[in-house]
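Coordinate inspection notes
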Amino acid sequence: YIPRPSTQELLWKLQLKVDKLYQEILNIIKGKKGNIRTLFGGRYNFTSRNVITADPVLRIDQVRLPYSALLELLQPSIINILTKAHGLSYADAYKKWYEASIKKDGIIINIINSIIYNSTTEHRGLPIIINRNPTLGMGSILQMFCIGISDPTDKFEYVMQLPLQILPLMNADFDGDVLNVMYIINRDFFRRAFEIFNPRNAFYISRNDGLFNNAVNH
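Scope of this entry: the structure provided in the associated data block. All values reported here derive from a predicted model rather than from experimental measurement.

What counts, and where the lines are drawn
Residues numbered from 1 in each chain as written. Predicted model: local features only at pLDDT ≥ 70, side-chain atom pairs only at ≥ 80, totals over all residues. Heavy atoms only, no water. Helix = DSSP H or I, 4+ residues; strand = E, 2+ residues; numbered from the N terminus. Expected span 1.5 Å × (residues − 1). Buried < 20%, exposed > 50% of the residue type's maximum accessible area, 1.4 Å probe, protein only. Arc of directions from axis to C-beta. Core = buried A, V, L, I, M, F, W, Y, C linked by side-chain atoms within 4.5 Å. Contact = heavy atoms within 4.5 Å. Polar contact = N/O pair within 3.5 Å; in protein donor to acceptor, adjacent residues only side chain to side chain. Pairing = 2+ DSSP bridges. Phe/Tyr/Trp six-rings, centres within 6.5 Å; stacked < 30°, edge-to-face > 60°. Axes fitted to C-alpha atoms, helices over the stretch in contact; angles between N-to-C directions. Parallel < 35°, antiparallel > 145°, perpendicular 65-115°, else oblique. Left-handed = near helix turned anticlockwise from the far one by under 90°. Nonpolar A, V, L, I, M, F, W, Y, C, P; charged D, E, K, R; others polar.

1. Observations regarding helix α5 (residues 90–102)
If you check α5, its first and last C-alpha atoms are 19 Å apart, about what 13 residues at 1.5 Å a residue would give, namely 18 Å. Within α5, burial applies to Ala-93, Trp-97 and Ala-100. For α5, the buried positions fall inside an angular range of 60° around the axis, keeping them on one side. Residues of α5 that are exposed and point more than 90 degrees away from the buried face comprise Ala-91, Lys-95 and Ile-102.

2. What to know about helix α4 (residues 75–85)
Where α4 is concerned, the buried positions are Ile-78, Ile-79, Leu-82 and Thr-83. Along α4, the residues classed as buried sweep out an arc of 130° about the axis, all on the same side. Along α4, exposed side chains directed more than 90 degrees from the buried face belong to Lys-84 and Ala-85.

3. Notes on the environment of Ile-60
Among the structural elements, Ile-60 can be located in the loop between β1 (47–54) and β2 (62–65). Expressed as a C-alpha distance, the spacing of Ile-60 and Ile-166, which sit 106 residues apart in the sequence, is 6.8 Å.

4. Some points on the nonpolar core
One finds Ile-78, Ile-112 and Ile-130 to be the most contacted residues of the largest nonpolar core, which totals 37 residues. Element by element, the count of residues in this core is highest for helix α6 (residues 106–118), at five residues. If sequence neighbours within four positions are ignored, Ile-112 has contacts with Tyr-67, Leu-70, Leu-71, Leu-74, Ile-78 and Ile-149. Counting eight residues, the second largest nonpolar core, distinct from the first, contains Ile-141, Phe-145, Phe-190 and Phe-197.

5. Here we look at the environment of Thr-135
With respect to the helices and strands, the residue Thr-135 is situated in the loop between β3 (126–131) and β4 (141–149). Residues Thr-135 and Lys-30 lie 105 residues apart in sequence; the distance between their C-alpha atoms is 8.8 Å.

6. Here we look at the side chain of Asp-177
If you trace the backbone, Asp-177 turns up in the loop between α7 (167–170) and β6 (178–183). With a relative accessible area of 11%, Asp-177 lands in the buried category. A polar side-chain atom of Asp-177 sits 3.4 Å from a polar atom in the side chain of Arg-132. Residues contacting Asp-177, with those up to four places away along its chain left out, are Asn-50, Val-51, Ile-52, Arg-132, Asn-171 and Ala-172.

7. Let's talk about the pairing of β3
Counting buried residues along β3, six of its six residues qualify, which places the element largely inside the surrounding structure. Where β3 and β6 come together, four bridges link them in antiparallel fashion. Directly across from Ile-129, in β6, lies its bridge partner Met-182.

8. Looking at the packing of aromatic side chains
As enumerated under the stated definition, the model contains four aromatic pairs in all. Of the aromatic side chains, those joined through ring pairs into one cluster are Phe-145, Phe-190 and Phe-194.

9. So, the packing of α4 against α6
α6 packs onto α4 with a crossing angle of 110° between their chain directions and a minimal axis gap of 10 Å. When the axis of α4 is compared with that of α6, the two are roughly perpendicular. The element α4 and its partner α6 pack so that their crossing is right-handed. Every residue of α6 that contacts α4 at Ser-77, Ile-78, Ile-81 and Leu-82 is listed here: Ile-108, Ile-111, Ile-112 and Ile-115. Here the residues of the contact of α4 with α6 sort into seven nonpolar, one polar and no charged.

Structure, rendered in C-alpha cells:
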C-alpha cells in the first residue's frame, strides 16, 4: 500500500513549481539583458522622441502628439493620400510634405486628423507604443492612442501631452523627461499590444494587490 499525498501537500508542491516558473519568467524579462529591454534595442521606422507635459483631461490610454512628430510618423500615409486623393505625383506629394515640415499646412493638418480618427474601428485614435528608457520591466512600455495634435500654443507646440496616471509606471515627471513614440502599423501586433500593454487593460488595477496603479494605500 502506497499512501496518497494529501491535497495540501499537492497544492504546496504545485505552488513551489509555480513560484519557480514565475521567477524564471522574471529573470527572462528583467534587467539590461532581458527581453523587455532588448525588444527596443535597435533602430525603428515610424518613431519619434518627445518631451512630455500633462493633460489632466486625457484618459489613461490617450495622448496628444505635436504636429512635427505626427508629420514624421505618418509620412508614407500622408504622401499616399496626397497622390491618391489629391492627384499629385509622388515627387510633388513629397515636396508638399517636406514644405509642411517647415511651415504648417492646413491640408496636411486635415489629413493627419483624418488618419487619427479613422485609424481604428472604434475611432479611439492612432495606435502607438510609448516607451521610457531604460526599459527594464512592465510599465516601461505602454500601448496608447493618439487622439489629436498637441495644443497649438507656444507652451505645448513641441511636446507630447499625456495623462497623469501613467507617470508612476514609467517613473517619469515633467522636468524635461522624454518618451519614445512608435507608430503601430501591423493590425496583429496592435491587437496583442492592446491586450498586454494598454493601461486600461493591464495596468489600471494591479493584478497583484488590486490597487489603482499601485499608488492607492487606503
